[in-house]
Protein chains: 2
Amino acid sequence: MIARIDHIGIAIQNINDALKFFEDALGMKLDHIASEEGGRTKVAFMPVGSSDVELVEPQDAESGLGKFLAKRGEGVHHICFEVDDINAALARLKEHGAQLIDETPRTNASGMQYAFIHPKSAHGVLIELYQRPNGK
Amino acid sequence: MIARIDHIGIAIQNINDALKFFEDALGMKLDHIASEEGGRTKVAFMPVGSSDVELVEPQDAESGLGKFLAKRGEGVHHICFEVDDINAALARLKEHGAQLIDETPRTNASGMQYAFIHPKSAHGVLIELYQRPNGK
């Protein structure tokens with residue numbers, strides 16, 4: 001049901017500063033930097049095997065990510081797993097009484113469906129589920 | 001240099017309780033549960049693609065993991081990356097001024113070399129590096 005770790009999202013204050021560690025010192029490779037969520041987040045994508053490490057920098061202090069950073073400081077923000085069938089996964093979670101942030105999947109600009117599970121149900125981990133667009 | 005996410009370690013209070021979420025509700029598959037670090041930690045291994053999710057339950061409240069759990073609560077504890085050459089990776093980190101928990105690699109019972117980077121240098125993330133034993 002869970003196919004793969006798609007990415008680990010790390011909340012950081014400033015991408016250029018964080019790349020000095022993750023790229024220069026640790027030896028990860030930056031693929032690209034993109035503006036996401038209508039400009040509310042800037043993301044640096046670093047492929048690692050069949051997954052990505054994503055450095056996520058809030059552009060809006062009032063966003064969920066901005067508030068997380070102010071409260072908890074830098075660190076792991078969320079883990080995203082690829083699932084084969086996101087609707088089946090959400091139905092199974094609901095059957096077991098899990099608290100969902102998204103009861104139904106959201107769809108982004110590239111047709112990718114995704115949904116978040118509340119960390120209260122997931123032992124303190126903010127979990128994102130994601131399903132590839134059909135045929136990709 | 002970084003080959004793969006080897007595992008994500010999630011600090012939890014009780015493995016059997018956490019499996020109700022990760023296995024029953026989320027649909028992960030438990031491979032096995034093992035006693036690690038000379039009995040100081042109990043670990044549930046759940047393979048996900050080419051990585052593992054590991055639920056780590058402290059058996060000693062005075063261990064690093066036990067203190068983390070008491071202070072921060074349940075959640076992501078560390079991220080482990082597989083590297084080709086752990087000594088080269090640690091040398092590069094030192095050159096760039098990164099603070100290491102282990103200046104030289106530790107070796108576990110199965111000959112695996114590993115070392116931790118201090119989260120102060122790694123933007124709040126406790127990072128473990130690991131190198132496979134030769135020829136495995």
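I will try to describe carefully the structure that is included in this document. Quick caveat, the model's predicted, so the values are computed rather than measured. (Residues numbered from 1 in each chain as written. Chains lettered and ligands numbered in written order. Predicted model: local features only at pLDDT ≥ 70, side-chain atom pairs only at ≥ 80, totals over all residues. Heavy atoms only, no water.)

What about the interface of chain B and chain A?
Phase 1: Counting from both sides, the interface comprises 41 residues of chain B and, opposite them, 41 residues of chain A.
Phase 2: In total, chain B and chain A occlude about 3,300 Å² of area from one another, counting both sides; carbon and sulfur atoms represent 69% of this.
Phase 3: Among the residues of chain B in contact with chain A, F21, L26 and H123 of chain B are the three that bury the most area, contributing 20% of the side total.
Phase 4: Run the count over chain B and chain A and you get zero salt bridges.
Phase 5: The interface formed by chain B and chain A holds eleven residue pairs in polar contact (both at pLDDT 80 or more) in total.
Phase 6: Going through the elements one at a time, β1 (2–11), α1 (15–25), β4 (51–58), β5 (75–83), α3 (86–95) and β8 (127–131) of chain B are the ones with two or more residues in the side of chain B that touches chain A. (Contact = heavy atoms within 4.5 Å. Buried area = accessible area lost by both parts, 1.4 Å probe. Salt bridge = Lys/Arg side-chain N within 4 Å of Asp/Glu carboxyl O. Polar contact = N/O pair within 3.5 Å; in protein donor to acceptor, adjacent residues only side chain to side chain. Helix = DSSP H or I, 4+ residues; strand = E, 2+ residues; numbered from the N terminus.)

Digging into the packing of aromatic side chains
All names here are of chain A.
Phase 1: A complete count under the given rule lists four aromatic pairs over all chains for this structure.
Phase 2: Seen in terms of ring centroids, Y114 and F116 are 6.4 Å apart; in terms of plane orientation they differ by 90 degrees. Their pairing is edge-to-face.
Phase 3: In this structure F116 comes out as buried when scored by relative accessible area, which is 13%. (Phe/Tyr/Trp six-rings, centres within 6.5 Å; stacked < 30°, edge-to-face > 60°. Buried < 20%, exposed > 50% of the residue type's maximum accessible area, 1.4 Å probe, protein only.)

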